[in-house]
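Below are the chains, spelled out letter by letter.
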Amino acid sequence: MNEKNLEGLIFDIQRYAVHDGPGIRTLIFLKGCPLRCKWCQNPESWKKTEDIIFLEEKCIGCKKCLTACEHDAIQFKKASRINREKCVVPNCSLSCVKNCVAQAIQLIGKKMPINEILNIVKKDALYYENSGGGITISGGEPFYQPEFLADFLKKCKDEKIHAVIETCGHAKWDYFEKILPNVDLLYYDIKLLNSDEHEKYTGVTNDVILSNLKKLVKNKFKNIVIRVPIVSNINDNMNFFSKLAELMKKLALLEIHILPYHRLAEKKYERLGMNYELKNIPLTEKKKIQEFKLFLESKGLIVKIGGG
Amino acid sequence: MVLEQIPQPNYKKCTQLMKKKVINHPHEICIERAKFFTESYKKTKGENPIIRFAKAMEDLLTNMTIVIWDNEFIVGNRSTKYMGTPLYPEVRIDTIEQDCDSYDSREVQKLFLSNEERDYIKKELIPYWKNEDQTVQARFQSYLKPDIKNMMEKLVFLVDVELVNGVGHFLIGHENVFKYGIKGLIQKAEKRLKNFSLEDTEKRVFLQSVIILCTAVKNFIQRFSLLAEGEAKNEPNIDRKKELIEISEICRNISENLPTSFKEAIQLIYFNQLICGLEDGGFAVSIGRLDQYLYPYYLKDKSEGKISDEEVQFLIECFYIKLTMLWNYVISKGIIAAEGPPLSENLTIGGLDRKGNDATTELSHIMLDAYTHLKTVQPTFSVRIHEKTPEDFIVKVGESIKSGSSIALFNDDIMVKSLEDLGFTLEDAREYAPIGCVEPQHPYKSYGSTNANQLNLVKCLELALTNGIDMFTRVDYGVKYDKEIASYEDLWEAYINQMKYFIKYMVLTMDTLDTAIAELTPQPFLSATTDNCIENGLDVTKGGAIYNFTGAQLLGLATVADSLAVIKQMVFEEKLLPFEDLVQMLMKNFRGSYQGKKGSEWRQIFINNVPKYGNDDDYVDSIAVDVVKAYCTEILKHKNNRGGQFNPGILSTTFHLAFGVFTAASANGRKSRDTLSNGLGPTNGMDKNGPTAVLNSVKKLDHLLISNGSSLILAFHPNSLIIDKFPALIRTFFNYNGGFQVQFNIVGKEILLEAQKNPDEYRDLVVRVAGYSVLFTELSKVAQEDIINRTEC
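Residues numbered from 1 in each chain as written. Chains lettered and ligands numbered in written order. Predicted model: local features only at pLDDT ≥ 70, side-chain atom pairs only at ≥ 80, totals over all residues. Heavy atoms only, no water.

Asks: Looking at this structure, how should I read the pattern of salt bridges?
Replies: Residues and elements named next belong to chain B. Using the criterion set out here, one finds 60 salt bridges over all chains in the structure. With a closest N to O distance of 3.6 Å, Lys42 and Glu124 form a salt bridge. On the criterion of sequence distance, the pair formed by Lys42 in helix H2 (residues 32-43) and Glu124 in helix H5 (residues 115-131) is long-range, its members being 82 residues apart. Looking at Lys42, the relative accessible area reads 36%, which means it is partly exposed. In this structure Glu124 comes out as partly exposed when scored by relative accessible area, which is 35%. (Salt bridge = Lys/Arg side-chain N within 4 Å of Asp/Glu carboxyl O. Helix = DSSP H or I, 4+ residues; strand = E, 2+ residues; numbered from the N terminus. Buried < 20%, exposed > 50% of the residue type's maximum accessible area, 1.4 Å probe, protein only.)

Asks: What is the right way to look at the sheet that holds strand S18 (residues 741-746) of chain B in this model?
Replies: The strands making up a sheet associate through hydrogen bonds between their backbones, and the pairing can be parallel or antiparallel. Residue and element names in this part refer to chain B. Overall, mixed pairing links the five strands, which are arranged S6-S7-S8-S18-S17 in an open sheet. With partners counted over all chains shown, the strands left at the sheet margins are strand S6 (346-350) and strand S17 (713-716), one partner each. Strand-to-strand, the axes of this sheet are offset by a mean angle of 30°, without reference to chain direction. As paired elements, S6 and strand S7 (residues 380-385) share five bridges and run parallel to each other. Following the sheet pairing, Ile349 is matched in S7 by Val383. Its contacts with the sheet put helix H16 (residues 412-422) on S7 and strand S8 (407-411), and the angle it makes with S8 is roughly 60°. (Pairing = 2+ DSSP bridges. Axes fitted to C-alpha atoms, helices over the stretch in contact; angles between N-to-C directions. Contact = heavy atoms within 4.5 Å.)

Asks: Help me understand the interface of chain A and chain B in this model?
Replies: Where the parts come together, the accessible area they lose is often given as the size of the interface. Taken together, the contact between chain A and chain B spans 40 residues of the former and 41 residues of the latter. Approximately 3600 Å² of surface area, both sides summed, lies buried where chain A meets chain B, with 54% of it carried by carbon and sulfur atoms. Area buried by chain A at its contact with chain B is led by Tyr16(A), Tyr127(A) and Leu264(A), which between them contribute 23% of it. Run the count over chain A and chain B and you get three salt bridges. One salt bridge in this structure joins Asp616(B) and Arg15(A), with 2.6 Å as the shortest N-O distance. (Buried area = accessible area lost by both parts, 1.4 Å probe.)

Asks: Can you help me understand the sheet that holds strand S7 (residues 162-167) of chain A in this one?
Replies: Residues and elements named next belong to chain A. Within the open sheet, the nine strands sit side by side as S5-S1-S2-S6-S7-S8-S9-S10-S11. Their pairing is mixed. Edge positions in the sheet fall to strand S5 (110-113) and strand S11 (302-305), since each has one partner strand and no second. The sheet shows a mean angle of 30° between the axes of neighbouring strands, direction not considered. Strand direction decides the pairing type here: strand S8 (residues 185-189) and strand S9 (residues 224-230), joined by four bridges, are parallel. Opposite Tyr187, over in S9, you have Val225 as the bridge partner. Its contacts with the sheet put helix H8 (residues 207-218) on S8 and S9, and the angle it makes with S8 is roughly 150°. Of the strands in this sheet, S9 and strand S10 (255-260) are in contact with helix H9 (residues 238-250), which crosses S9 at around 170°.

Shown next as structure tokens:
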């Protein structure tokens with residue numbers, strides 16, 4: 001018997017998720033990502049370790065954090081309380097978080113044993129059953145915690161819970177191979193097809209990503225949906241979509257989700273004390289997105305805007 | 001001219017215009033009812049009060065101005081003004097006196113009237129009824145024993161709903177009117193009258209009141225027939241002339257006989273609603289299962305080719321608009337707590353039939369389509385759902401909700417069992433319909449006064465903490481607990497003692513009021529439509545119906561459960577704070593310092609470190625289960641003076657706001673004077689795990705015990721209500737011993753704008769956008785604008 005109860009580093013669990021896979025789902029966000037996409041909506045997922053954030057509107061000004069921090073990393077002059085140059089989180093006692101009664105300083109990322117996560121997941125089992133739903137593992141990049149992921153998926157399979165994984169594809173092939181029997185559906189991101197551009201905007205080339213995708217198909221894993229974030233001036237052009245359609249046709253992949261970029265993450269960057277480079281880029285026009293959709297449909301693909 | 005080219009009348013456009021007129025028309029006070037009542041009461045001084053009431057109704061129905069408004073097909077007016085509302089001085093005159101100078105100048109819900117009308121109110125109406133000891137309010141006050149009166153004035157409980165303009169909160173026995181016809185009801189009463197000897201004065205008086213009133217109703221409807229006939233003669237437009245002749249024929253027939261067509265049936269239902277609303281000025285004069293009542297007429301007319309689905313939908317839309325024209329004014333003092341001017345005429349579609357089969361029909365679909373199209377504020381629209389409800393019907397309901405319709409869904413599988421436990425036969429239980437907001441009763445066998453009482457449980461907990469002293473007024477009036485509170489179990493016992501104590505006084509107060517009502521303001525017409533009243537010779541207000549209840553609502557469920565959880569964990573388990581310190585802190589509304597921390601810091605700890613109801617956490621949900629069970633079982637022990645029992649419900653209307661104003665701070669972090677929690681819902685902003693977690697928490701409660709119904713409102717952004725996932729959401733909540741009722745607040749642009757202005761009120765608002773979810777209020781202004789802009793599409 002497998003007695004292991006591995007821990008995952010989780011930064012959010014959302015119940016009643018209705019945009020990330022079939023039916024009603026629970027979304028589990030794993031921390032850590034090899035990519036640094038400039039448009040990333042979950043910057044709190046990047047690091048493999050815990051982060052802290054500051055929520056100004058929750059602060060009641062009790063100043064308990066000021067005396068609690070043993071690294072002198074709290075400042076009360078600026079809008080943000082955390083001096084990121086001095087802060088050593090998570091390599092400290094996390095006393096600022098512990099002493100913040102108002103939860104204005106919060107820890108992002110919690111080590112959770114598989115059983116604990118499963119208990120939360122199972123609370124909505126009847127909703128999955130009645131709607132054809134299940135869990136979706138997102139991130140971050142789920143493959144960044146490969147052992148946990150493999151074990152967790154195995155346990156979900158044992159419980160007959162439908163599992164979707166959202167991946168950027170940038171992971172060792174071995175990891176894919178190991179989990180495939182326990183995954184029902186892969187949401188596979190393709191951001192750019194030009195490798196140099198890919199490196200410029202995400203920090204890595206797309207070689208591994210494309211090679212993994214081909215291997216998946218070669219291994220007859222067909223339950224793949226391609227997901228594309230559309231970001232204006234980066235990939236919102238017909239050239240990209242026409243190449244992507246070609247690739248999908250070659251690989252006999254049928255479904256694609258287009259996720260229009262939005263600015264909702266701006267505040268997150270602020271709270272993490274991070275710089276948000278895409279602050280002022282325009283949003284891609286709806287009309288243009290419709291054009292891409294029609295084009296992809298004309299190539300025989302199933303297209304959804306905003307996932308599903 | 002080629003005839004075929006004349007377009008068919010555009011029904012949909014037509015009803016939209018009618019709706020617009022109704023919505024934009026200012027509200028007015030109509031004094032005709034009060035005038036005829038006053039004149040009549042002057043004439044009948046000294047006679048039996050029941051007969052006086054019936055004669056006043058007779059004078060009113062015989063003499064009031066009747067109107068057929070432009071282009072309307074369903075006719076009947078309760079007021080002489082287009083959007084007018086009558087006055088009910090026989091119930092109480094004090095509120096008319098308090099308000100009459102400010103009707104047209106108050107800030108919200110303005111009511112217009114002419115100077116002559118105001119003069120009449122001041123010079124005739126008020127002096128007469130003030131000297132008349134026979135208003136319900138005056139008699140109630142005179143009957144109240146000093147100790148009961150003293151306790152009532154503490155406002156821990158309320159009995160005022162029955163005293164607004166009348167009792168309200170009933171279903172009219174439309175099917176009995178269809179079965180007997182008005183003439184048949186008169187004959188039934190006449191026949192029964194012969195069976196009672198002269199000594200049975202009370203019964204004879206009742207039956208005489210029925211005969212007087214039903215005869216007046218017959219004549220009233222005939223007046224409409226004559227009016228329509230007269231107007232037809234002068235009508236130049238040929239189409240309208242034909243319509244008026246048809247109206248005249250319809251009214252002539254249904255004034256006495258059984259309805260023979262869909263048009264006659266729906267017109268008769270409207271008259272029933274109107275008459276009951278003249279007889280009693282209370283809220284929630286409910287319709288019940290309209291799709292069931294009308295289905296035989298629909299089938300017959302359809303098979304004879306007399307009517308098309310399009311015409312049926314048109315008539316139903318006209319009916320909804322006419323329902324919207326029946327509304328009640330709210331007294332100035334009550335604006336915060338009242339249900340608002342709409343009457344809460346609850347209309348139900350779908351559900352089971354008497355035999356347990358699915359009763360959803362094509363007519364249910366048409367009624368839903370009509371409501372989706374019009375979205376009028378009336379009727380209050382209810383859909384009954386059970387295991388066998390067709391999927392396409394639930395999908396259509398979901399689409400309607402997503403389009404912005406305000407629809408409540410009811411779970412037959414729970415309520416039928418619950419009503420059986422209450423004493424209904426299985427067949428009767430299957431025929432239930434909600435009254436007002438959510439309160440189930442039988443359409444023609446019940447008198448439920450379903451929103452009679454409200455009990456502030458948060459105040460009961462407050463008094464338990466102080467051993468009987470009101471933290472707000474510092475007055476000592478609660479029941480004493482002779483032990484020191486040293487454990488959670490002690491606190492629970494002290495709380496239960498307070499709860500039982502105030503329930504006892506609530507029941508005594510209610511009995512006194514119900515006695516006054518039964519003596520002075522009977523409901524002969526409603527009684528005639530209700531099974532067994534004529535047979536027993538008893539008015540509904542005296543217990544004539546088969547099923548008799550008094551609704552008693554629990555207020556503040558989540559506030560109490562969350563507060564108890566905080567005290568349990570912080571004071572008795574983790575021992576972070578002495579009990580006395582907690583009490584002091586609440587008395588001081590979180591000011592001061594305790595154990596080295598400020599009250600404001602403790603408040604944050606209470607909010608953030610203890611589980612809250614609505615998050616699917618057993619620690620606190622189990623307390624909510626206990627609170628509900630203790631309340632319901634206690635309420636069910638009490639009998640009312642109509643031979644029935646008190647019936648527990650968990651719905652707030654808006655009493656959670658009113659009660660909040662004089663309730664001190666609570667241990668869940670609620671500040672003094674803030675609102676209490678609403679119905680079955682979590683404390684505002686405290687449900688952090690989405691709708692399935694809320695539903696799971698709610699499902700843990702014993703819904704079979706909450707037999708007067710419960711109300712749960714879920715707020716959704718339109719993006720999060722996915723139609724093909726909607727049936728699964730509903731079925732999972734309803735099945736497996738699920739909840740009784742759920743309704744949705746689909747958050748549109750206005751709410752989002754409101755949430756921007758008052759973020760504290762909308763902390764729980766989740767906006768989900770393709771793989772990414774956020775709490776709306778935690779977003780930057782720019783991001784919020786982004787979402788608001790998307791909401792348009």
